[in-house]
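# Structural features, examined
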Amino acid sequence: MEHVQGPSAYFPSAHPVSVIGPQYCFPQPVDLAVVRKVLTITEGNFAVTDLTGNIMFKIKGKFFSIHDRRVLTDAAGNPVCTLRPKMMTVHDRWQVFRGESTEEKDLIFTVKRSSLIQLKTKLHVFLASNPKEDACDFRVEGSWLERSCTVYSGESNTILAQMHKKHSVESVLLGKDKFMVTVYPNVDYAFVVALIAILDGINKDDDAE
């Protein structure tokens, strides 16, 4: 079966894929632009906008800072979730909590690298309701340097979101610090943004200039 391009390529989930909240699930595809190193945003160096440039999410704080956490906020600055790397683990592991909490009871999901040495990006995502981690609930695969990672449901080939470079005059000027993400219908786009923020944290050394 050939991959169908265009809107017909989107297969809406029978049930919304809600991880952070159902309010972030949309019946149509959601296109987001991720902008890094934005000097005008004082709270951080990472913002997510819609296609018209309106800010939808921001990241406050940096990984490996004194507080070792980032907070994903909405455009108004309200905390959506907190991302925290878990130090001293064999595989890189990040935990995501509701709001500004870092308490175990508010854990939403955990992300870890599937292997320590990776040429390609491969992350496994486990929901808090899956503590045994026998099988991942979601996975991320692709190339971060190429900005071409894909979010899948579990071990299936069901695509939930895709990153891709924006080819335009503007993107040539902005270079690697701006790229696009298409979130498929009925998929929690705040969850996808949190995953991208973690990818950014994991790969920060790769982008050192």
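Just above sits the structure.
Residues numbered from 1 in each chain as written. Predicted model: local features only at pLDDT ≥ 70, side-chain atom pairs only at ≥ 80, totals over all residues. Heavy atoms only, no water.

## A short note on the overall build of the chain
Within the chain, the secondary structure is distributed over two helices and 12 strands. For the chain, the α and β elements follow one another from N to C terminus as β-β-β-β-β-β-β-β-β-β-β-α-β-α. Within the chain, contacts between residues at least 6 apart in sequence are counted, and of these 37% link residues at least 24 apart. Total accessible area computed for the chain in this model is approximately 11100 Å², and 55% of it derives from carbon and sulfur atoms. (Helix = DSSP H or I, 4+ residues; strand = E, 2+ residues; numbered from the N terminus. Contact = heavy atoms within 4.5 Å. Areas by Shrake-Rupley, 256 points an atom, 1.4 Å probe, with all protein chains shown as cover.)

## Overview of the pairing of strand β10 (residues 150-153)
Summarising the sheet, strand β9 (residues 138-142) and β10 pair through four bridges and their orientation is antiparallel. Looking at β10, one finds that V140 is bridged to V151. Taken together, β10 and the strand that follows it, strand β11 (residues 159-164), pair antiparallel across an intervening segment of five residues, in which G154 is found at a positive phi of about 55°. (Pairing = 2+ DSSP bridges.)

## What about the side chain of R139?
Structurally, the position occupied by R139 is in strand β9. We classify R139 as buried; its relative accessible area is 5%. Engagement of the side chain of R139 in a polar contact is seen with the backbone oxygen of S156, the distance being 2.6 Å. Not counting the four nearest positions on each side in its chain, R139 is found in contact with L123, H124, T150, V151, Y152, S153, G154, E155, S156 and N157. (Buried < 20%, exposed > 50% of the residue type's maximum accessible area, 1.4 Å probe, protein only. Polar contact = N/O pair within 3.5 Å; in protein donor to acceptor, adjacent residues only side chain to side chain.)

## Side note on unusual backbone geometry
With phi around 55°, E133 is a residue other than glycine that occupies positive phi space. The phi angle at R147 is positive, at roughly 55°, despite the residue not being glycine. Inspection of the secondary structure puts R147 in the loop between β9 and β10. On the basis of relative accessibility, which here comes to 2%, the residue R147 falls in the buried class.

## Describing the pairing of strand β2 (residues 46-49)
Neither face of β2 is open: one carries F46 and V48, the other A47 and T49, and all of them are buried. Bridging between strand β1 (residues 30-36) and β2 involves four bridges; their strand directions are antiparallel. Paired with A33 across the bridge in β2 is T49. In this sheet, strand β3 (residues 55-60) lies alongside β2 in antiparallel orientation, the contact comprising three bridges.

Function cannot be read off these values alone, since they describe shape.
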